[in-house]
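Residue-level listing of the chains:
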Amino acid sequence: MLSNSWATGYSRPNSMRILVFSQYFWPESFRINDVAKTIYEKGYHVEVMTGKPNYPNGKIFDGYKMLGFQLDAHDDVSIHRIPLIPRGHGKIRLAINYVSFVISGVLFSPWVLRNKKFEVVFVYGVSPILQAIPAIFLGWIKDIPVVLWVQDLWPESLSATGYIKNKIAIKLVRHVVRFIYRHVDLLLVQSEAFIDPVVELASGTPVKYYPNSVDKSFSEPLKTYIPNVTGLNDGFSIMFAGNVGSAQALEVVIEAATLLREYADIHFVILGDGSRRNWLLKEVKKRGLSNFHLPGKFSLEIMPGFLQKASALLVTLSNHPIFAATVPNKVQAYMAAGRPILACLNGEAARLVTEAEAGLAIPAEDSKALATAVLKLYSMPVKERERLGNNGRYYYKQHFNHNKLVAELINHFKVVLKEKRS
């Protein structure tokens, strides 16, 4: 454990004290990292309650241990880490990982924070939404409001990804989600399409639209050295960046790459890691594809540079109703980067790309349509592609500006705190 004199960051006793509750946090790459940093930079006291970093590889990161408590800091934000069982591989290990954080949070977070005073608990609600349970418990103990930012719809996302298929289990999870939604003070949703399904279970808890954004570095000129990646500097590069999982349906990209294999200067570059990466590697070898590259995962700090070097940026999701309501955070990152977007998905995210005139929207899992769209962008004059990229960046600045949204979030905290005290 690191020394308390360094790890506790800088205390701000006269400002609002905010506890961020999230199963994932730095050095794991999630949106909440930048949000916590900017809240602190705006003059508020921020601390984080989280687990031991293990996403996405499923192994505890070097420098951390599965058991015991650890205290460290990042960007002057104190980070309290409680034990959890790493996600490993497979559905059973993932379920154990989810449950272990809930149990650990209920048992240990009140003790770890026993001498700490906060005014708001802010839950970053990516899967598992169950992580809100210990946050609710902590809010009840300290008599402070709890704000939940819903990033994934449960139980719909569980059935869509195939983690749970049993109807009785799905029904049970729905009851748990209903309990969570009804025992927080404010629900924020990352997609406008989330509002109705969340309201249905919330039973009177206020629900407000609050989209994702990205750090300002995604829209700034390149400042750091970008490693050489095969395919990125060769001809026309189409880059996918992020989690390589079942929800992303990257089979459609393999099929499109196969259809376009005769175009020697068109390259697909998949940056990231996840449960489907090994399958993709095998398929590339099996099909003998020289236009499909999987260089792996890189640090978040250099991702803006990678995105800005690509000819086009690709976002995909599975053809499932739940994903039509979702807006992957990479959509905002792609817009900020100012590159044309290929959106191979349905629903809300496709609507945003089309509305912004930032690229081409293609039906989810339609490999022929994706290949056709790639050729359309490839054949497009450079100035036209630049226009699409500029449109996306302008739309990002108008609707997803990071600093503006964080200021809006802080206002949500102030309103819910005032209501709690009244």
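Residues numbered from 1 in each chain as written. Predicted model: local features only at pLDDT ≥ 70, side-chain atom pairs only at ≥ 80, totals over all residues. Heavy atoms only, no water.

Colleague: For the nonpolar core, give the residues involved together with the corresponding values.
Modeller: Side chains of a nonpolar character, in soluble globular proteins, are inclined to be buried together. Counting residues in each nonpolar core, the largest one holds 111 residues, and the members touching the most others are F122, L148 and Y181. For this core, the element with the highest residue contribution is helix α16 (residues 402-421), accounting for seven residues. Residues within four places of L148 in sequence aside, it is in contact with V123, G125, I129, A132, I180, Y181, V184, L186, L187 and L188. (Core = buried A, V, L, I, M, F, W, Y, C linked by side-chain atoms within 4.5 Å. Buried < 20%, exposed > 50% of the residue type's maximum accessible area, 1.4 Å probe, protein only. Helix = DSSP H or I, 4+ residues; strand = E, 2+ residues; numbered from the N terminus. Contact = heavy atoms within 4.5 Å.)

Colleague: Can you explain the pattern of salt bridges? Please cite residues and give values.
Modeller: Summed over all chains, the structure comprises 12 salt bridges. Notably, a salt bridge pairs E119 with R421, separated by 3.0 Å at the nearest N-O pair. Pair noted here: E119 is in the loop between α3 (91-112) and β5 (120-125) and R421 is in helix α16, with a separation of 302 residues, a long-range link. R421 sits in the exposed class, given a relative accessible area of 60%. Residues R276 and E251 are paired through a salt bridge, measuring 2.7 Å at the closest nitrogen-oxygen approach. Residue R276 is located in the loop between β10 (266-271) and α9 (277-287), and its partner E251 is located in helix α8 (residues 251-259); the two are separated by 25 residues in the primary sequence. Taken together, the shared-partner salt bridges in this structure form one network comprising R17, E47 and K116. (Salt bridge = Lys/Arg side-chain N within 4 Å of Asp/Glu carboxyl O.)

Colleague: An account of the sheet that holds strand β14 (residues 359-362) is requested, with residue identities and associated values reported.
Modeller: On the basis of which strands lie adjacent, the open sheet formed by six strands has the order β11-β10-β9-β12-β13-β14 and parallel pairing. What marks the edges here is a single partner per strand, and that holds for β11 (292-296) and β14. On average, each strand axis in the sheet is inclined to that of its neighbour by 20°, with strand direction left out of account. Pairing geometry for strand β12 (residues 312-316) and strand β13 (residues 341-344), over four bridges, is parallel. Each bridged residue has a counterpart across the sheet, and for T316 the counterpart in β13 is C344. Along the sheet face, helix α12 (residues 329-337) touches β9 (236-241), β12 and β13 and points at about 170° away from the line of β12. (Pairing = 2+ DSSP bridges. Axes fitted to C-alpha atoms, helices over the stretch in contact; angles between N-to-C directions.)

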